[in-house]
Every structure is written in structure tokens, then in C-alpha cells.
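Chain by chain, the residues run as shown.
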Amino acid sequence: MKRFTQLFQELDETNRTNEKVTALENYFREVSVPTAAWALYFLCGRKVPRVVTSTNLRHWISEESGFPAWLVEECYEAVGDLAETAALLLPENESSIALPLDEFVQARLLPLTTLPDMAKKSLLLQTWRELNSKERLVWNKLITGSFRVGVAQTLVVRALAKVAGIEPAVMAHRLAGKWEPTAADFQRLMNPSENEVEVARPYPFYLASPLEGTAEALGDIAEWQCEWKWDGIRAQLIRRQGEALVWSRGDEMVTEMFPEVADIGQVLPDGTVLDGEILAWQAEKPQPFAALQRRLGRKTAGEKLRKEFPVVFLAYDVLECDGADWRSRPLAERRERLEKIVAEAMDFKPVEKPVEKKLITPDLFLLAPSTIRPELPLRLSEVLSPQSWSELGALQKESRERAVEGIMLKRRDSVYGVGRQRGNWWKWKIDPLVMDAVLIGAQRGHGRRASLYTDYTFGVWQADQLVPVAKAYSGLTDEEIAVVDDFVRKNTVEKFGPIRSVKPELVFELAFEAVQESTRHKAGIAVRFPRINRWRHDKKIADADTLETVRALIKGGTVASDGGEP
């Protein structure tokens, strides 16, 4: 337990990725296999069933600390985490339980899942009294089911892969399977195997750079492949050795999250890797990103969820074909092969392109519905055919109406590179939307900002009331954050748990990518990627936008905020 607590501190006290990976690597090299198995279990976000109710825990914290229940509640509201509140309020203690993590879990944590309340209380208090404050914090997080530390599973994967001497993709592949916190399963996870590498490994993603200057400066438009910039999540679909896997750009295996995308692999030739985008998709058109968000963050997707929020894999590149790496071939050749792969998978004959193609049409998205098998969630990203940069510019202005983020420009002779390499791939995004909104609520931040009010709620006018329309926490300088924090503390109107409602007085310009109808929000709309653009010291709250103004942007209306003006 002592070494696991040390690891928790090391991970919590740094924001540097390499330092986190090093701390994890050192830990897994040092501890025993049974201990490592349980540590991995908790670090991957798994937990035992909740062993104590929050009501009982608050009551026992009050009894053990000697502080009245109301003061415990006030402290919890200020801290925002019950496990940390308990660790801070309990009497100081310098002792420690000399048990490795696996034995500690077996002796103290797992029994709490079956004991009656009084016996549970006795064991819990005994454990508190035998741990120091740092170990108590970890213990409290385990018993409350809130063990979270600032480390992504991708970093755990990297560390374990280094210790085992295998590819990170292989380790991620194994962790995505079934395993329990046992010594046998941990040894299986760490056993080197060369045969798995080619099955699981994705390719590094090639990333586009934001377009600087004008598109005309890129030269002859005939040298560029133009596509829509889709608003989904980037992914690779891998079909190798009879297995289909789906990887996100964040080095996360999302096969179970999007099983219908993995099913596409059943109709792809073995030894194929496609690059593309996972999109929310209905009626042969992309849906708002908010629909896709309902699928994100879930380890699995049940039939009901898949039916309610269907997705497709929109392919726009082939990285591997017949087991051979195609990344060094020119884009034009890769595109030709991609069209053939998709056509064969969809079991249709490619539609011959007309000599002249109308550029601006209401349904210029993909292949005609009559030529595809809609039950297979595979589509081909359309290549646009503008005759000039001005024609492409006209299309780019239609982006929001088409639920896309702009235009992708890829040099036809470009190879598929690694990372963000400037020059061959550009993203020509539309300008963000803006609105002027009033600060109406605030909450403390996280990490180094845990003591400051940095998570803000903003409202716009509906008749004579301000209704919440967006939350944002980025865009202000440290100096501005300090001023707003002071304002929040001095102008709090009401408290709702950790959230403070504040006197409406400060106006900010918010930038965002899109807005759509939403039944989940009081205002009836949801904005995409809101962030603070600037503090409007020159405006009073009466100058803030109305809900009607923001709602008009859903359909690309002409009514817009003057927030972009000086």
C-alpha cells in the first residue's frame, strides 16, 4: 500500500507525460506480480462495487474527526471530493500498514463488500487509524469508487509495453480483452508475443495543418484533392489475420465502443487498413457531433444505443493493402485503390463520374443511396471537383449547412506521413461563431486551479431572463482568472453544491464551432467547443445576445452577434 500511495503522488504531482510514464514503468518493475495486477486494475479505471454509502461515510467522518456534520458538509463543498475531505479532516497519524497492495485489498477492501454496516464501520475506522494521511487519501478513493489519478490509460499502456518489451499497440489490444486482477492474467498480459504485433498495430496518423493565407497561394487547384472536413472522430479500421480492430487518433482501441464499425472488417480483404472518420449518421447525412458524443466514453455499445445513435465509418485513405504498406505511394494511387476496396465491400459498381458536375447541390455528400448497402456502415469520403479556387471557396462557405467543418486540401502526389507535417495536407476551416454572454455561475477548477473558480457558466437573454447556454473554462489569462475568482467570491448569490450562482455583471465573448437543438439543456440548444474569446469590458449585460440570436445560427441564419466587432 505504501508503494502504491507513492505512485499515486508521483502521478498526481506532475503534468509531464514522460515523467508519468517513467513513474509507472518504475513501479511495475519493482512490485510483485500480484501487486502489479491490482494496481493495473485500479489504474485502468476498474473498481470493486461501492462498499459504503456516502451518507454513512459522512457520518463516520464526523464521528472519527470530532467535527460536526454541518462542518463536514461545508468542507466537502469547498473541497469537492469526499475522499479528499475525509483525508484532510481525520486526525493526523504517522503509522502505516505494512502490506503490499494485493494483500491490503484482500484483507481490508474486499471484505467491505459483504460485511454488515456495523462490522463495516469497525473495519473502516480501524483502517483509517492505521494509515497516514497520504495513504488514507488513496484508501478513501478506493472505498468510494472514485480512484482517479491524472494518467490516461494510453500512458499505462506505454509503461507496461516498455516493461514487457512489446509494442504499445499489442499491450492495448490485450488490455481491451478479458482479464482479472490475478497474477496469472497479469503474466499473460506481459508475455512477449511477436505474432500479435501485425494484428493489432495501427499506423501513426498523418495530420493536416491549418491553412495559412489564401487557398490560391497553393498553386494549381488541379494538383490538390479536395474533400469535406468531417466533424467526427478520426479512426483506423484494421483487418488482419481474421480480426477487425478500430483505433482512435488518441491511441485508444474503440472496437467495443463501435462494434458496427468493426463489423465492416468482415467484408474487407485480410491485410487492409483504412483511415477515416467515425460519424453520427442518419438518412444518409451526417448528424451533429452531440449525437456522436452519446456513444463516446462507453466501453461497450448495446443494441438500443446503436439503433438510437447510428454511426458510419467514412473512409478517405488506404494505408495497407494485401498486407503491404501503401503509405509511401502517392495519394492519387491510394485513392484509386480505396474506391475499389469500398466498392467491392459495398457490392456495387462505382458510379461513373459525369464530365460536368454541378458543384453546389442540396445533397452533395456521398454515393447515391440506390447504389449502396445502407445496412453496412461504410461510406466513401467524396472528392470534390471544383474548377477554380473561387468555386471551392463557395463550397467552403456552405460547410455549416452541410454539418462539416470546412475543406481538406491534400496534394495528389503526397505520401501518407507521420504526425503534423506542413505543406502537403491543409485544413481550411470555417471561422468560429461568436456570441456575447453573461457570467452567471462558476465552479472551482482542477489540478493547480483547484482553489480558483475557473469553470464558468454563461447565459444569454430569453425575454427578461438569463438562461444558461454554455460552459467554458479556457481563454482567460492567469491575471484575468484571478480577477474573476475574486468577483465570484464577492458576488455569490446562491450555492448549489460546488456551483456558485453569481450576480450577472460580467460580459464575455464566446467562440464556438456550431450550435444545434438539444432537449438536454434548459435553453434548448447546445454549442460545440465553447471557449472564451475575450472579456467584453466595453459591454453591459443588457448588450448580451438573446437566445433567438444564437438559435438563428442553427440554420445558418443571417442574424448574428456584433461581438466580433471592436
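All values reported here derive from a predicted model rather than from experimental measurement.

### Observations concerning the packing of aromatic side chains
For the coordinates displayed, the defined rule picks out 14 aromatic pairs. With 5.7 Å between their ring centres and 85° between their planes, Tyr416 and Trp425 make a pair best called edge-to-face. With a relative accessible area of 4%, Tyr416 lands in the buried category. Each ring, one from Phe458 and one from Phe508, has its centre 5.6 Å from the other, and the planes form 70°; the classification is edge-to-face. With Phe458 in strand β16 (residues 453-462) and Phe508 in strand β20 (residues 507-512), the pair connects residues that are 50 residues apart, well separated along the chain. For Phe458, a relative accessible area of 0% gives the class buried.

### Considering the nonpolar core
Of all hydrophobic cores here, the largest spans 83 residues; its most connected members are Leu24, Phe28, Leu40, Phe42, Leu43 and Trp139. Examining the composition of this core, we find that 8 residues originate from one element, helix α3 (residues 33-43), more than from any other. Apart from the residues lying within four places of it in its own chain, the contact partners of Phe28 are Ala36, Ala39, Leu40, Leu43, Leu160, Val163 and Phe186. Val254, Leu268, Ala280 and Leu338 belong to the second largest nonpolar core, which has 34 residues in total.

### Quick notes on the pairing of strand β19 (residues 499-502)
Strand direction decides the pairing type here: strand β15 (residues 433-444) and β19, joined by 3 bridges, are antiparallel. Its bridge partner being in β19, Gly441 is matched across the sheet by Ser501. Of the pairings in the sheet, the one linking strand β18 (residues 492-496) to β19 comprises 4 bridges and is antiparallel in character. Among the inter-strand pairings, Phe496 is bridged to a residue of β19, identified as Ile499. Counting the residues that bridge the hairpin from β18 to β19 gives 2 residues, and of these Gly497 lies at a positive phi of roughly 65°.

### What to know about helix α17 (residues 331-346)
Between the first and last C-alpha of α17 there are 22 Å, a value that for 16 residues agrees with the 22 Å anticipated at 1.5 Å per step. Looking only at α17, the buried set comprises Leu331, Arg334, Arg335, Leu338, Ile341, Val342, Ala343, Ala345 and Met346. Backbone geometry just after α17 places Asp347 at a positive phi near 60°.

### Some words on helix α18 (residues 389-396)
For α18, the full list of buried residues reads Trp389, Leu392, Gly393, Leu395 and Gln396. Projected onto a plane normal to the axis of α18, the buried residues spread over an arc of 160° and lie on a single side.

### Describing the sheet that holds strand β11 (residues 383-384)
Either a parallel or an antiparallel arrangement is found when strands of a sheet pair, and the pairing is made through backbone hydrogen bonds. Read from one edge of the open sheet, 5 strands run β2-β14-β12-β3-β11, paired in mixed fashion. A single partner strand is all that each edge strand has here, and the edge strands are β2 (209-210) and β11. Inspection of the sheet shows β2 paired to strand β14 (residues 425-429) by 2 bridges, in the parallel sense. Along β14, the bridge assignment pairs Ser209 with Trp426. Together, β3 (224-230), β11, β12 (404-411) and β14 form the strand contacts of α17, whose direction differs from that of β3 by roughly 60°.

### Quick word on the pattern of salt bridges
With the rule as written, the count across this model stands at 32 salt bridges. Residue Glu63 is joined to Lys121 by a salt bridge in which the shortest nitrogen-to-oxygen separation is 2.7 Å. Within this pair, whereas Glu63 is found in helix α4 (residues 54-65), its partner Lys121 is found in helix α8 (residues 117-130), the two being separated by 58 residues in sequence. Glu63 sits in the partly exposed class, given a relative accessible area of 42%. Take Lys121: its relative accessible area is 14%, and that puts it in the buried class. Two residues, Arg411 and Glu223, come together in a salt bridge whose shortest N-O distance is 3.3 Å. One end of the pair, Arg411, is in strand β12; the other, Glu223, is in the loop between β2 and β3, and 188 residues separate them in sequence. With relative accessibility at 39%, the residue Glu223 sits in the partly exposed group. Connected through salt bridges with shared partners, the residues Glu509, Arg534, Arg536 and Asp538 form a single ionic network.

### Overview of the pairing of β15
For β15, the tally of buried residues reaches 11 of 12 residues, placing the bulk of the element in the interior. The pairing of β15 with β20 spans 6 bridges and is antiparallel. Bridge pairing links Val438 to Val507 in β20.

### Some remarks on the side chain of Asn140
Its location among the elements puts Asn140 in helix α9 (residues 133-144). Asn140 sits in the buried class, given a relative accessible area of 1%. With near-sequence residues (within four places) excluded, Asn140 lies in contact with Ala83, Ala86, Ala87 and Trp128.

### Points about unusual backbone geometry
Look at Ala463: it is not a glycine, yet its phi comes out positive at around 60°. With respect to the secondary-structure elements, Ala463 resides in the loop between β16 and β17 (465-472). A residue is classified by how much of its surface remains accessible, and Ala463, at 73% relative accessible area, is exposed. A positive phi angle, near 55°, is found at Phe529, a position not held by glycine. Mapped onto the elements of the fold, Phe529 is located in the loop between β22 (525-528) and β23 (531-535).

### Digging into the environment of Pro111
With respect to the helices and strands, Pro111 occurs in the loop between α7 (101-109) and α8. Relative accessible area serves as the criterion here: at 24%, Pro111 is assigned to the partly exposed category. Along the sequence, Pro111 and Val51 sit 60 residues apart, while their C-alpha atoms lie 8.9 Å from each other. When residues no more than four places from it in sequence are discounted, the contact partners of Pro111 are Val105, Gln106 and Leu123.

Conventions we followed
- Residues numbered from 1 in each chain as written.
- Predicted model: local features only at pLDDT ≥ 70, side-chain atom pairs only at ≥ 80, totals over all residues.
- Heavy atoms only, no water.
- Phe/Tyr/Trp six-rings, centres within 6.5 Å; stacked < 30°, edge-to-face > 60°.
- Buried < 20%, exposed > 50% of the residue type's maximum accessible area, 1.4 Å probe, protein only.
- Helix = DSSP H or I, 4+ residues; strand = E, 2+ residues; numbered from the N terminus.
- Core = buried A, V, L, I, M, F, W, Y, C linked by side-chain atoms within 4.5 Å.
- Contact = heavy atoms within 4.5 Å.
- Pairing = 2+ DSSP bridges.
- Expected span 1.5 Å × (residues − 1).
- Arc of directions from axis to C-beta.
- Axes fitted to C-alpha atoms, helices over the stretch in contact; angles between N-to-C directions.
- Salt bridge = Lys/Arg side-chain N within 4 Å of Asp/Glu carboxyl O.

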